[in-house]
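Each chain is listed here by its residues.
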Amino acid sequence: MSAGTFTPKPGAAPVSRMIAAQTALETRMLLRNGEQLLLTVIIPALLLVLFSAVDIVDTGAEKSVDFLAPGILALAVLSTAFTGQAIATGFDRRYGVLKRLGASPLPRWALMAAKTLSVLVTEVLQIALLTVIALGLGWSPQGNPLSVAALILLGTAAFSGLGLLMAGTLKAEATLAAANLVFLLLLVGGGVIVPLDKFPGAVRSALELLPISALSDGLREVLQHGAPLPWGAVAVLAGWAVLGLGAAGRFFRWE
């Protein structure tokens with residue numbers, strides 16, 4: 001055989017290329033899943049339109065959409081980074097997909113990185129769509145876009161850690177039920193649609209420590225009131241991110 005028979009040299013692709021390919025695959029699988037699209041795109045969009053057009057909840061003297069839009073953006077992050085990722089990863093684990101990928105040239109940390117990048121790509125699409133809808137409803141966003149990006153990235157890290165922790169420790173069916181239940185509870189009690197000041201004082205103090213409350217209120221401070229980066233919300237989200245990602249790394253089971 002000539003020297004060029006095996007050119008290019010056989011072997012694994014660079015890790016960066018493997019991550020990019022896995023990210024593209026994860027994103028396509030998410031966008032082709034009707035149930036995931038319902039959760040991540042359709043429900044947030046419908047809630048934004050419904051509660052902006054119909055005066056169901058008293059959101060104060062300002063336009064309803066100015067209060068609701070930041071909360072719905074936070075809900076979109078929750079639905080993708082936590083609920084959607086937990087369910088998808090839980091069933092990947094049940095059917096042995098994670099085990100097989102873990103035995104491939106793709107390192108396990110690179111697989112988690114690809115899943116995270118897929119979440120970020122999906123969130124960009126969600127936020128773009130919801131922003132267009134909100135602007136059409138009369139939304140007037142304020143504040144620094146960099147502050148918004150920082151809050152969303154921290155929220156994504158916090159919810160991703162919690163979602164992976166759930167997917168890596170519970171059975172797939174339990175993850176499906178628990179993730180959807182948590183989504184509904186946080187939708188009602190996380191300051192997304194109902195202002196936290198509608199809750200009793202002691203309950204409100206506890207709810208303010210939730211990551212969804214920190215993200216929705218933080219985005220509201222920036223986008224509705226034009227405030228600088230809210231460090232209280234940053235601290236809460238960072239705490240949940242460290243806790244969730246650390247626990248996921250420690251307790252995640254691949255089989």
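Residues numbered from 1 in each chain as written. Predicted model: local features only at pLDDT ≥ 70, side-chain atom pairs only at ≥ 80, totals over all residues. Heavy atoms only, no water.

## Quick look at the overall build of the protein
Step number 1: Within the protein, the regular secondary structure consists of 10 helices and zero strands.
Step number 2: Its helices and strands in sequence order give the protein the pattern α-α-α-α-α-α-α-α-α-α, from N to C terminus.
Step number 3: Taking 18 Å as the expected radius of gyration for a compact globule of 255 residues, we find that the protein reaches 20 Å, a close match to that expectation.
Step number 4: Each principal axis of the C-alpha atoms in the protein carries an extent, and together these give about 80 × 35 × 35 Å.
Step number 5: Sequence separation of at least 24 residues holds for 82% of the intrachain contacts in the protein that already meet a minimum separation of 6.
Step number 6: Total accessible area on the protein is roughly 12500 Å²; 69% of this is exposed by carbon and sulfur atoms.
Step number 7: Of the charged side chains in the protein, 17 are positive and 14 negative; the average position of the first set lies 17 Å away from that of the second. (Helix = DSSP H or I, 4+ residues; strand = E, 2+ residues; numbered from the N terminus. Rg over C-alpha atoms; globule rule 2.2 N^0.38 Å. Contact = heavy atoms within 4.5 Å. Areas by Shrake-Rupley, 256 points an atom, 1.4 Å probe, with all protein chains shown as cover. Lys, Arg positive; Asp, Glu negative; His and termini not counted. Charge placed at Lys NZ, Arg CZ, Asp CG, Glu CD.)

## Topic: the side chain of arginine 220
Step number 1: Counting through the fold element by element, arginine 220 comes out in helix 9 (residues 211-223).
Step number 2: Beyond its immediate chain neighbours, meaning those up to four positions away, arginine 220 contacts Phe67, Pro70, Gly71, Gly191, Val192 and His225.

## Some remarks on the packing of aromatic side chains
Step number 1: Counted according to the given criterion, the structure contains one aromatic pair.
Step number 2: The ring of phenylalanine 67 has arginine 220 sitting right over it, with the charged end atom 3.8 Å from the ring centre. (Phe/Tyr/Trp six-rings, centres within 6.5 Å; stacked < 30°, edge-to-face > 60°. Lys NZ or Arg CZ within 6 Å of the ring centre and 35° of its normal.)

## Digging into helix 3 (residues 64-94)
Step number 1: Along its 31 residues, helix 3 runs 43 Å from first to last C-alpha, staying within 8% of the 45 Å computed at 1.5 Å per residue.
Step number 2: The axis of helix 3 is deflected most strongly, by about 35 degrees, at glutamine 85.
Step number 3: Burial analysis of helix 3 places 28 of its 31 residues in the buried class, the great majority of the element.
Step number 4: Among the residues trailing helix 3, glycine 96 stands out with phi positive, at a value near 85 degrees. (Expected span 1.5 Å × (residues − 1). Bend = angle between axes of the 7 residues up to and from the residue. Buried < 20%, exposed > 50% of the residue type's maximum accessible area, 1.4 Å probe, protein only.)

## Here's the deal with the confidence of the model for the protein
Step number 1: Looking at the protein, pLDDT values average 85 and 91% of them are 70 or higher.
Step number 2: Model confidence for the protein, summarised as mean pLDDT per element, is weakest for helix 4 (residues 97-102) at 74 and strongest for helix 9 at 94. (pLDDT = per-residue confidence, 0-100.)

## Describing helix 7 (residues 172-189)
Turn by turn, an α-helix covers 3.6 residues, leaving residues three or four places apart pointing in a common direction.
Step number 1: The terminal C-alpha atoms of helix 7 lie 25 Å apart, and with 18 residues this matches the ideal 26 Å at 1.5 Å per residue to within 8%.
Step number 2: For helix 7, the complete set of buried residues consists of Ala172, Thr175, Ala179, Phe183, Leu186, Leu187 and Gly189.

## Description of the nonpolar core
Step number 1: One finds Leu48, Leu75, Leu78, Leu151, Phe159, Leu215 and Leu219 to be the most contacted residues of the largest nonpolar core, which totals 47 residues.
Step number 2: Looking at this core, the elements with two or more residues in it are helix 2 (34-53), helix 3, helix 5 (108-136), helix 6 (145-169), helix 7, helix 9 and helix 10 (231-251).
Step number 3: Filtering out sequence-adjacent residues up to four positions away, leucine 48 remains in contact with Val65, Leu68, Ala69, Ile72, Leu130, Ile133, Ala134 and Leu137.
Step number 4: By size, the runner-up hydrophobic cluster in this structure holds 12 residues, among which are Leu98, Met112, Ala114 and Ala248. (Core = buried A, V, L, I, M, F, W, Y, C linked by side-chain atoms within 4.5 Å.)

## Quick word on the environment of isoleucine 87
Step number 1: Mapped onto the elements, isoleucine 87 comes out in helix 3.
Step number 2: Of the residues examined, isoleucine 87 reaches a relative accessible area of 11% and is grouped as buried.
Step number 3: Taking the C-alpha atoms as reference, isoleucine 87 lies 8.2 Å from glycine 163; in sequence the two are 76 residues apart.
Step number 4: With near-sequence residues (within four places) excluded, isoleucine 87 lies in contact with Gln36, Thr175, Leu176, Ala179 and Asn180.

## Description of the packing of helix 9 against helix 10
Step number 1: For the pair helix 9 and helix 10, interaxial distance at closest approach is 9 Å and the crossing angle is 145 degrees. Relative to helix 10, the crossing made by helix 9 is left-handed. In this structure, helix 9 uses Pro211, Ala214, Leu215 and Gly218 to contact helix 10, whose residues at the interface are Ala233, Val236, Leu237 and Trp240.
Step number 2: Here the contact of helix 9 with helix 10 is built from residues that sort into seven nonpolar, one polar and no charged. (Axes fitted to C-alpha atoms, helices over the stretch in contact; angles between N-to-C directions. Left-handed = near helix turned anticlockwise from the far one by under 90°. Nonpolar A, V, L, I, M, F, W, Y, C, P; charged D, E, K, R; others polar.)

## A word on the pattern of salt bridges
Step number 1: Under the definition given, this model contains five salt bridges.
Step number 2: Of the charged contacts in the structure, one is a salt bridge between glutamate 26 and lysine 115, with a shortest N-O distance of 3.4 Å. Of this pair, glutamate 26 sits in helix 1 (residues 15-31) while lysine 115 sits in helix 5; the two residues are 89 residues apart in sequence, bridging distant segments of the chain.
Step number 3: Here glutamate 26 falls in the buried class, since its relative accessible area comes to 13%.
Step number 4: Classification of lysine 115 as buried rests on a relative accessible area of 5%.
Step number 5: Because the salt bridges share partners, they merge into one network encompassing Glu26, Asp92 and Lys115. (Salt bridge = Lys/Arg side-chain N within 4 Å of Asp/Glu carboxyl O.)

## Brief notes about a nonpolar patch on the surface
Step number 1: Together, Leu31, Val121 and Leu125 line one region of the surface with nonpolar side chains, adding up to about 230 Å² of accessible area.
Step number 2: In this structure, leucine 125 sits in helix 5.
Step number 3: Using a relative accessible area of 45% as the deciding quantity, one classes leucine 125 as partly exposed. (Patch = residues over 30% accessible without salt bridge, like charges linked within 9 Å, V, L, I, M, F, W, Y side chains within 5 Å.)

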